[in-house]
Amino acid sequence: MREEGSTRSHGIRRFGIFELDPAQAVLRKNGRPVRIQDQPLRFLAVLTERPGTLVTREELRAELWADGEYVDFDRGLNTAVNRLRRALGDSAENPRFIETVPRRGYRFLAPLEGVVEPERAPEVPSPPEGERATHGKRTKALAIMALGVTAILSVSLLLRDRLSHASPTDRVMLAVLPFVDVSPDPEPYLGDGLTEELIGRLGGFSPERLGVIARTSVMTYKGTTETVERIGEELDVDFVLEGSVLRDGDAVRVMVRLIEVEDQAQLWTQSYQLDLGEIHGAQTDVAQSLGTFLTGESRAETSASTPSPVDPRAYDAYLKGVYFRDMLTEDGFRNGIELFEESISYEPEFAPAYAGMAACYCLLSGHGLEVEEPATLMSKARSMANHALSLDADLPIAHGALGMAKLKYEWDWDGAEAEFLHALELNPQEPAVHIWYAYLLSSQGRNDEALEHVETARSLDRFSRVANLNVAWQYYEARRYERALAEFDATLELHPGSWIGYWGRGLVHSGLGNHDAAKRDLDRAVERSGQHPSALGGSGYVLARAGEHALAEGVLRELTRRSETEYVPPSVPASICAALGDLDRAFEWLEKAYALRSRSLVWLAVAHEFDPLRSDPRYEDLLRRMQLEG
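Predicted model, so just to flag it, every value in this text is computed and none were measured.

S.K.: Can you tell me about the overall build of the chain, naming the residues and giving the values?
M.R.: In terms of helices and strands, the chain carries 25 helices and 16 strands. For the chain, with 630 residues in total, the buried portion stands at 54%. Accessible surface for the chain amounts to roughly 27,900 Å². Of this, 49% is attributable to carbon and sulfur atoms.

S.K.: Before we move on, can you summarise the sheet that holds strand 7 (residues 105-108) with the specific residues and values?
M.R.: Spatially, three strands are ordered 5-7-6 in an open sheet, and the strand pairing comes out antiparallel. Pairing within the sheet leaves two strands with one partner each, and these edge strands are strand 5 (54-56) and strand 6 (98-101). Ignoring which end each strand starts from, the neighbouring axes of this sheet average 30° apart. The pairing of strand 5 with strand 7 spans three bridges and is classified as antiparallel. Within the sheet, the bridge partner assigned to Leu54 lies in strand 7 and is Arg107. The strands touched by helix 1 (residues 38-49) within the sheet are strand 5, strand 6 and strand 7, with strand 7 carrying the most contacts at an inclination of about 65°.

S.K.: Let's hear about the nonpolar core: which residues, and what values?
M.R.: A general trend in soluble globular proteins is that nonpolar side chains are found buried together. Judged by nonpolar contacts, the single largest core of 154 residues is most densely connected at Leu174 and Leu604. At 10 residues, helix 11 (residues 351-364) tops the list of elements feeding residues into this core. If we ignore the near neighbours within four places in the chain, the residues touching Leu174 are Leu202, Leu210, Gly211, Val212, Ile213, Val237, Phe239, Val240, Leu241, Leu258, Leu290 and Leu294. Residues Leu41, Leu47, Leu64 and Ala87 belong to the second largest nonpolar core, which totals 26 residues.

S.K.: Can you tell me about helix 2 (residues 57-64), naming the residues and giving the values?
M.R.: For helix 2, the set of buried residues is Arg57, Leu60, Glu63 and Leu64. Looking straight down helix 2, one finds its buried side chains confined to an arc of 120°; they lie on one side.

S.K.: Please give an account of the packing of aromatic side chains that cites residues and values.
M.R.: We describe a pair of aromatic rings using the distance from one ring centre to the other and the angle between the two ring planes. A complete count under the given rule lists 20 aromatic pairs for this structure. Considering the side-chain rings of Tyr318 and Phe340, the 5.8 Å spacing of their centres and the 45° angle between planes classify their relative orientation as tilted. Here Tyr318, found in helix 9 (residues 312-325), pairs with Phe340, found in helix 10 (residues 330-346); they are 22 residues apart in sequence, far enough to count as distant. Judged on exposure class, the residue Tyr318 and its partner Phe340 are both buried. Pairing Phe420 with Tyr437 gives two aromatic rings, centres 5.9 Å apart and planes at 45°, and the pair type is tilted.

S.K.: Account for the packing of helix 1 against helix 2, naming residues and giving values.
M.R.: Remark: helix 1 packs on helix 2, axes separated minimally by 10 Å, with the N-to-C direction vectors making an angle of 125°. Taken as axis vectors, helix 1 and helix 2 run oblique relative to one another. Considering the relative orientation of helix 1 and helix 2, their crossing is right-handed. Contacts between helix 1 and helix 2 involve Gln39, Arg42, Phe43 and Val46 from the first element and Leu60, Glu63 and Leu64 from the second.

S.K.: Hey, could you go over helix 18 (residues 481-494) for me, with residue numbers and the actual values?
M.R.: Helix length check: helix 18 (14 residues) gives 20 Å between terminal C-alpha atoms against 20 Å at 1.5 Å per residue, within 8%. All of the buried residues in helix 18 are Tyr481, Ala484, Leu485, Glu487, Phe488, Thr491 and Leu492. Looking down the long axis of helix 18, one finds its buried residues gathered within 165° of arc, a one-sided arrangement. When the buried face of helix 18 is taken as reference, the exposed residues oriented beyond 90 degrees from it are Glu482 and Glu493. The inward-facing, buried residues of helix 18 contact helix 16 (447-460), helix 17 (465-477) and helix 19 (499-511).

S.K.: Describe the pattern of salt bridges, and please don't skip the residues or the numbers.
M.R.: For the structure on display, the rule yields 41 salt bridges. The closest approach of N and O atoms between Glu59 and Arg50, which form a salt bridge, is 3.2 Å. Of the residues examined, Arg50 reaches a relative accessible area of 27% and is grouped as partly exposed. Among the salt bridges present, the one from Arg505 reaches Asp489, with a minimum N-O distance of 2.9 Å. Placement of Arg505 in helix 19 and of Asp489 in helix 18 is noted, with a sequence separation of 16 residues between them. Via salt bridges that share partners, Glu196, Arg215, Arg325 and Asp326 belong to a single interconnected network.

S.K.: Run through unusual backbone geometry, naming residues and quoting values.
M.R.: We note that Leu328 has phi near 60°; this positive angle belongs to a residue other than glycine. With respect to the helices and strands, the residue Leu328 is situated in the loop between helix 9 and helix 10. A relative accessible area of 31% means that Leu328 is categorised as partly exposed. With a phi close to 60°, Arg597 is a non-glycine residue in the positive phi region. With respect to the helices, strands and loops of the structure, Arg597 is situated in the loop between helix 24 (583-596) and helix 25 (617-625).

S.K.: Describe in detail the packing of helix 15 (residues 431-443) against helix 16, supporting the description with residues and values.
M.R.: Packing of helix 15 against helix 16 leaves a shortest axis separation of 8 Å and a crossing angle of 165°. As summarised for this structure, helix 15 and helix 16 are arranged roughly antiparallel, according to the angle between their axes. The crossing of helix 15 and helix 16 is left-handed. Residue-level contacts link Pro431, His434, Ile435, Tyr437, Ala438, Leu441 and Ser442 of helix 15 to Asn447, Glu449, Ala450, His453, Val454, Thr456, Ala457 and Leu460 of helix 16. Taken together, the residues that form the contact of helix 15 with helix 16 break down as nine nonpolar, five polar and one charged.

Rules behind the numbers
- Residues numbered from 1 in each chain as written.
- Predicted model: local features only at pLDDT ≥ 70, side-chain atom pairs only at ≥ 80, totals over all residues.
- Heavy atoms only, no water.
- Helix = DSSP H or I, 4+ residues; strand = E, 2+ residues; numbered from the N terminus.
- Buried < 20%, exposed > 50% of the residue type's maximum accessible area, 1.4 Å probe, protein only.
- Areas by Shrake-Rupley, 256 points an atom, 1.4 Å probe, with all protein chains shown as cover.
- Pairing = 2+ DSSP bridges.
- Axes fitted to C-alpha atoms, helices over the stretch in contact; angles between N-to-C directions.
- Contact = heavy atoms within 4.5 Å.
- Core = buried A, V, L, I, M, F, W, Y, C linked by side-chain atoms within 4.5 Å.
- Arc of directions from axis to C-beta.
- Phe/Tyr/Trp six-rings, centres within 6.5 Å; stacked < 30°, edge-to-face > 60°.
- Parallel < 35°, antiparallel > 145°, perpendicular 65-115°, else oblique.
- Left-handed = near helix turned anticlockwise from the far one by under 90°.
- Expected span 1.5 Å × (residues − 1).
- Salt bridge = Lys/Arg side-chain N within 4 Å of Asp/Glu carboxyl O.
- Nonpolar A, V, L, I, M, F, W, Y, C, P; charged D, E, K, R; others polar.

Any link to function would need more than the numbers given here.
So this is what it looks like as structure tokens:
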């Protein structure tokens, strides 16, 4: 920390369209305040004191964190700089303001137009004693919310002042923390399922005014002892919604409370007594009232906008299915399918259960899984998605799953894009749909658009392994190897057990010609995946590219042997044959992939692994049959 006797300029620092006023703790853009939290603001103040000079990480730690304060320094510093870059519209890759000096620190790049010492502000009389408690608080009357039968949401007067001065384009950010099950015999699926349902409904309310953090990131705080302030800083949100659920048979008591991060003010709290089957419909009312409360906007309601009550047994099975699906494992997806089927057995017209099954079938055929013939999985996904949409045409995840079926199974590129766009129109804050749409965009070489969507998915779900991996993979697909390597490194720091991360990083190293590093990473991927065909195939591919053809042939023989008794994606051995220069065998495997609708064929027009085949007429013929341009 600086010594007490040290001096520091508190003058206004102008750079471009921005000005920083450290004395008032405010950053302005074109004269208007920019919403930014305290830590990144102090970060900017430190950097602008020494423009053009390297400020080390150790110096920043001393400036930004008090002596003895426990903090995950690396994570906290990364969070601060990322928030600051968002506020400034800056990027790490092409910085205008803040340059990262790897492993050392940061440098402020923009020239300062001068430091202007602020004038002494005139004294303002203090408000009368009775007014001080509410001075500066937002206040807003909240209309009565019908939740289930007769529940009424209490009116809060805490938000009106701040909302009345907010710009119509201001966007508030909300995190719905995992609901805590306080039942005598708690089960994790109940609280987690309610959390996911509410996030989904809020995500489509008014995305230009209300941003909602996705499920995976908030689930990292399940059972946490972190303060609301720390959670707000880490997730970069303005409000946190906490909830608890107490179940006794089919009777459920739900309590919710909204907290403002800035001063930890509890804006409202309410409890509801409902039948389990009524909660599904009631969540729509919660989202409507909460969204109106936070944005000042309301959405038109229709008789079909609030789902009817369902059989409690159906909703119970559905919540369990959501819980297992969100494990993002093969066993989780299969258990989820069984539970969604159970839900439908009690409530045959319960559309979300069909949509849940459709998503599970899509995910079973996804990156790093592909555990069955894709034609079988994707035909089931299409059937379930179509049935869900026949019951409820406004389910975003069902449109997204149908888009995946059109993409992977039908090779209907235009139809798939229409489904993805409609899903994002219904809920622009669904990370899975952004990722799925990016698959289509990258398959057509539309890499900038694809990168935009995977980055959006990550901004909504920043701690998600899937979102972070997809950002890294997309940079690989775009052949931006150095950036892909940095992204895989960062993801593996966050999720060190991810074999897909090692698989992807190994392919990046191979693309850069770092053959030894590529082999080490693929060895890790093979070991951690339990000899998954994709990891094993990646190992064979990098061995072939490294000139170790005998070892690559050994991997190819093993995959051929396994393909006789289990599903091996045919594009995997095809990539090894292509790297070995054995074009005839490569095309034999690609024809098998074509017959089975192997997921990797979606990227046939742009895939790195098949570069050696591009001049062969057989490749052009395959692209033509898939209605892809060469």
